[in-house]
Amino acid sequence: MFENLSERLSGVFDRLTKQGALSEDDVKTALREVRVALLEADVSLPVARDFVKAVQEQATGQAVTKSITPGQQVVKIVHDALIDVLKGEGEPGSLKIDNPPAPLLMVGLQGGGKTTTTAKLAKRLTEKEGKRVLMASLDVNRPAAMEQLAILGMQIGVDTLPIVKGEDPVAIAKRAKTQAGLGGYDVYMLDTAGRLSIDEELMAQVEAVRDVANPRETLLVVDGLTGQDAVHTAENFDERIGITGVVLTRMDGDGRGGAALSMRAVTGKPIKFVGLGEKMDALETFEPERVAGRILGMGDIVALVEKAQETIEAEQAEKMMKRMAKGHFNMNDLKMQLEQMIKMGGMQGMMGMMPGMGKMAKQVEDAGMDDKVLTRQIALIQSMTKKERANPALLQASRKKRIAKGAGMEVSELNKLMKMHRQMSDMMKKMGKMGKGGMLKQAMKGMMGKGGMDPAAMAQGMDPKALEAAARQMGGKMPGMGGGMGLPSGLSGFGKKK
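Okay, so let's go over this structure.

Cut-offs and rules
- Residues numbered from 1 in each chain as written.
- Predicted model: local features only at pLDDT ≥ 70, side-chain atom pairs only at ≥ 80, totals over all residues.
- Heavy atoms only, no water.
- Helix = DSSP H or I, 4+ residues; strand = E, 2+ residues; numbered from the N terminus.
- Patch = residues over 30% accessible without salt bridge, like charges linked within 9 Å, V, L, I, M, F, W, Y side chains within 5 Å.
- Areas by Shrake-Rupley, 256 points an atom, 1.4 Å probe, with all protein chains shown as cover.
- Salt bridge = Lys/Arg side-chain N within 4 Å of Asp/Glu carboxyl O.
- Lys, Arg positive; Asp, Glu negative; His and termini not counted.
- Charge placed at Lys NZ, Arg CZ, Asp CG, Glu CD.
- Buried < 20%, exposed > 50% of the residue type's maximum accessible area, 1.4 Å probe, protein only.
- Contact = heavy atoms within 4.5 Å.

## Focus: unusual backbone geometry
Peptide bonds are, in most cases, trans, and in most cases residues other than glycine have a negative phi. Here the bond from Pro100 into Pro101 is cis, since omega is -5°, no more than 30 degrees from zero. Along the polypeptide, Pro101 turns up in the loop between helix H5 (70-86) and strand S1 (102-108). Although it is not a glycine, Ala144 sits at a positive phi angle of roughly 65°. Relative to the helices and strands, Ala144 resides in the loop between strand S2 (133-137) and helix H7 (145-156).

Listed below in structure tokens is the structure:
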């Protein structure tokens, strides 16, 4: 969603960082482009104006223009200003759900994704925070709305309030409160009917529900694709009902992400969560620092580590770590790493999260390399016998022909795969030797699935600047990363898409 804005900004900053010294005019010209980029991304005019003004005040001082790396200083100032624009009070994603049963009220327009978001949030509270949740649908207007919530509840294993036909929303809210108290639930979520903010009757109805339930949190669910209108909606709902936070849905779309940037600045309400897809686990905490980092192409190491922790099996990683520490790395290990990459969102997904790699992700796409390349390489490995996978040195001409034929590919592609394996094997041996496996152990330990280290602590150990510098040194070649995400330097095993 922030792709265009990210591209525009990185273009501006590339020009700035290439200049040795910066005059005030250089900074002003760059900031003019930043303002245009923000407006094109559908950020509201007052927010864009205030943002540029705040940056300009800090960026045109003596400290910046006289510093050794003025361009980097300006980027840092913009990064900090972005975080200020996005940040709300309190911890991101935290909800006030003290003294149970705590009511959560979900409000919003028709078709914004309230019912789905209610279920996603219930799943999150159940699985990540260990809460007992009861969901209740107060939507008596839309056909089958109550049934939809009941079906979603069955899918995610969360209880829903039994449906009683002909009840009005206030009565349902009262019944949900009683049931939650008697059933020992920690949280009960009230999914209200979609309404237009100009629909007086429905707004009065949700006010009545609010007075009965007295919710700890009132979350407004807004469609991220509606742009500026999302901000007006939030203002209207806040005036009438009083909201405590916002959930932006459809943030995986390719609409312009200006609503997210304007929302907090205009309404003063924090964005608590963002919906990133239709699946029930596609709900993420909105972390201002990390979003700002992604917008400026600085990557998001914490997200990368979290992704790795979710997808890597602890036992497999342990076995692999022992093998690699001894310098062992065969085709089975390579296959596991390629599969791991696909699980973590493929090459582009991973590159987007790594500092200094954002632009490379685009180059990789333009060069016609996509995740099909990974699946083709896995197919080649699957075409080998167990012995061949364990000992790639066995592969002579006749075996190579058989393997390539079995995978429906050319021998040249198998040769590329073997070259890639050799490079990675050498790299693993080097890493294994460093401090008797120290570097490798550290990398793998952090990826040890659920019981592993805290992703944020892991990410702190990886210095983004060092990673970015390494990426630059390699002239846009992807470095091999340890810990279940290996890629050889120069991506030599990746041919063009047929």
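## Describing a positive patch on the surface
On the surface, Lys28, Arg32, Arg35 and Arg49 cluster together to form a positively charged patch. With three residues, helix H2 (residues 24-40) is the single largest residue contributor to the positive patch.

## Regarding the pattern of salt bridges
For the structure shown, the criterion picks out 18 salt bridges. One salt bridge in this structure joins Arg240 and Glu207, with 3.0 Å as the shortest N-O distance. Here the residue Arg240 occupies a position in helix H10 (residues 228-240), and Glu207 occupies one in helix H9 (residues 200-213), the gap between them amounting to 33 residues. When its relative accessible area of 25% is taken as the criterion, Arg240 is described as partly exposed. Between Glu388 and Arg402 there is a salt bridge, with its nearest N and O atoms 2.8 Å apart. With a gap of 14 residues between them, Glu388 in helix H19 (residues 386-390) and Arg402 in helix H20 (residues 397-407) connect regions that are remote in the sequence.

## Brief notes about the environment of Thr115
Along the chain, Thr115 turns up in helix H6 (residues 114-129). As a C-alpha pair, Thr115 and Ala193 span 78 residues in sequence and 9.1 Å in three-dimensional space. Once you skip the residues sitting within four places of it in the chain, Thr115 turns out to touch Arg142, Gln148, Leu149, Leu152 and Asp191.

Interpretation note: all reported values are geometric properties and have no functional meaning in isolation.
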